[in-house]
Amino acid sequence: MKLRYFFLMMISLLISSALMASGSEDFSFDNQSLEREFSALSALEALVVSNNYPDIAEMEENSMLAPDFLSNNQPFHDRGEDPLGIPGFWWGCVLGPVGIIAAYILSDNNKEQARMALNGCIVATAVEVAVILVWYVVILSWTWNYSI
Amino acid sequence: MRRILFLFFLSCIFTLHSVAQRDAYYRIRADFSVKEKHTDGKSSLTMGQVYYDKARKKIVYNVKFPDKEIWLFHDTVMYRIKDNVPEKKAVIPGYIDFSVFNLALNNNLKDYGLKNSMYELKNVTRDEDMVISLWSPKKEYAKLIGDIKISVKENRLYGVLIYDAAKKMIGKQIFTEYIKIGGFEFPAEIVNFSYTAEGQEIHQITTYKNVKVNNWDENSFYNYPVPAL
């Protein structure tokens, strides 16, 4: 009996330690891959500091920027907050074209939110069309079988 | 009786000490940089100085790159001032209270300010050098927001995992480095991963350098006037 309790206790200890280990793993990340991913931006950061914080126009004038930088750069607050805390995608997905307008107006004319709402609208329409098609196929096959 | 008096005296000293500790640091400035990468290839770099005074409750970013402008966060509004022309945007409630500046100055960074919030502590576990706590929203908020997991390493906040109400992870923050100024500690680098509803990932590295506390040199920034709009 004692041996059984001991065995059960050992198993529960093993399970709990495994659970705890998975908890700390959730906090891990690949630092080296992150460094590689940000190497170009880190180089630009060092360049900005060493030149005493010129703005982008000054850097462009002095050809200090990579040619594709301007098309890809978007200051981190430009994305704006989600309209009423709901991502633009869901505005478009649930409300359709009205949702696109609502997302645009509620996000203070943020084009990125409107684009996300448009994506939502397209996804919702595609899903709706797919469901209708499946429905018709089912109905048709059923009536076909029934008539034969 | 003597013992009770002694204990009372001791508890008074501890209370006064903790109040003094909390109020010892009231304003902070730092050089900041935010590097951001999206999975769709977009990237950004934003740099400048940031100022916060906990009595004024205004976060002021003096942005120098990519463009020279001021970002002022006050209440639930962000003012973007470029060439003296202000623009107004709404921000989520609690943006200032849960900012790293407010949490650090009020000595609440270790629990991410969740102790006196809409969350309650559910579980604490230990794994190697980390203490992990699970915070769940109070009943009335459970349908809107999800759990938050916090890990503390070497007595400092190390990581924050944010879940939505469907238990899907939507954000991960890792506080990789700290700066120590006297008894005050402030994160020097924060790595942030956001997972959007559309399946995109946004990676962000925020760094703070040249951190000064209780600094009076650039006083005008700490109480930057709110534009009349």
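So, a few notes on the structure that sits alongside this text. For clarity, every value in this text was computed on a predicted model and none was experimentally measured.

Conventions used here
Residues numbered from 1 in each chain as written. Chains lettered and ligands numbered in written order. Predicted model: local features only at pLDDT ≥ 70, side-chain atom pairs only at ≥ 80, totals over all residues. Heavy atoms only, no water. Helix = DSSP H or I, 4+ residues; strand = E, 2+ residues; numbered from the N terminus. Buried < 20%, exposed > 50% of the residue type's maximum accessible area, 1.4 Å probe, protein only. Contact = heavy atoms within 4.5 Å. Expected span 1.5 Å × (residues − 1). Arc of directions from axis to C-beta. Phe/Tyr/Trp six-rings, centres within 6.5 Å; stacked < 30°, edge-to-face > 60°. Lys NZ or Arg CZ within 6 Å of the ring centre and 35° of its normal.

Okay, the overall build of chain A next. Along chain A, the regular secondary structure elements total eight helices and zero strands. The order of α-helices and β-strands along chain A, N terminus first, is α-α-α-α-α-α-α-α. By the burial criterion, 28% of the 148 residues in chain A qualify as buried. Contacts spanning at least 24 positions in sequence make up 49% of the contacts within chain A whose residues lie at least 6 apart.

All names here are of chain A. Under the 1.5 Å per step criterion, the end-to-end length of helix α3 (residues 39-50) is 17 Å for twelve residues, consistent within 8% with the ideal 16 Å. Every buried residue belonging to α3 is among Leu 41, Leu 44, Glu 45 and Val 48, and all of these are buried. An end-on view of α3 places all buried positions within 105 degrees of arc, on one side of the element. One or two steps after α3, the chain reaches Asn 52, where phi turns positive at roughly 60 degrees.

This brings us to helix α6 (residues 88-95) of chain A. Two residues of an α-helix separated by three or four positions point the same way, owing to the 3.6 residues in each turn. Residues and elements named next belong to chain A. If you check which residues of α6 are buried, you get Gly 88, Phe 89, Trp 91 and Gly 92. In an axial view of α6, the angular spread of the buried residues amounts to 165 degrees, which keeps them on one side of the axis. Positive phi appears at Gly 96, one or two residues downstream of α6, with a value of about 65 degrees.

Moving on, we get to the environment of B:Lys168. Residue and element names in this part refer to chain B. As for its position among the elements, Lys 168 is in the loop between β10 (156-163) and β11 (169-181). When the C-alpha positions of Lys 168 and Asp 147 are compared, they lie 9.4 Å apart, and in sequence the two are 21 residues distant. When residues no more than four places from it in sequence are discounted, the contact partners of Lys 168 are Ile 162, Tyr 163 and Thr 196.

All names here are of chain B. By the definition in use, this model includes 13 aromatic pairs over all chains. Ring centres of Phe 186 and Tyr 208 lie 5.2 Å apart, and the angle between their planes is 65 degrees; this geometry places the pair in the edge-to-face category. Highlighted residues: Phe 186 in strand β12 (residues 184-195) and Tyr 208 in strand β13 (residues 201-213), separated in sequence by 22 residues. Ring pairs connect the aromatic residues Tyr 25, Tyr 52, Phe 101, Phe 184, Phe 186 and Tyr 208, which therefore count as one cluster. Of note, Arg 27 hangs over the ring of Trp 216, and the distance from its end group to the ring centre comes to 4.0 Å. One residue, Arg 27, lies across the ring of Tyr 222, its end atom 3.9 Å from the ring centre.

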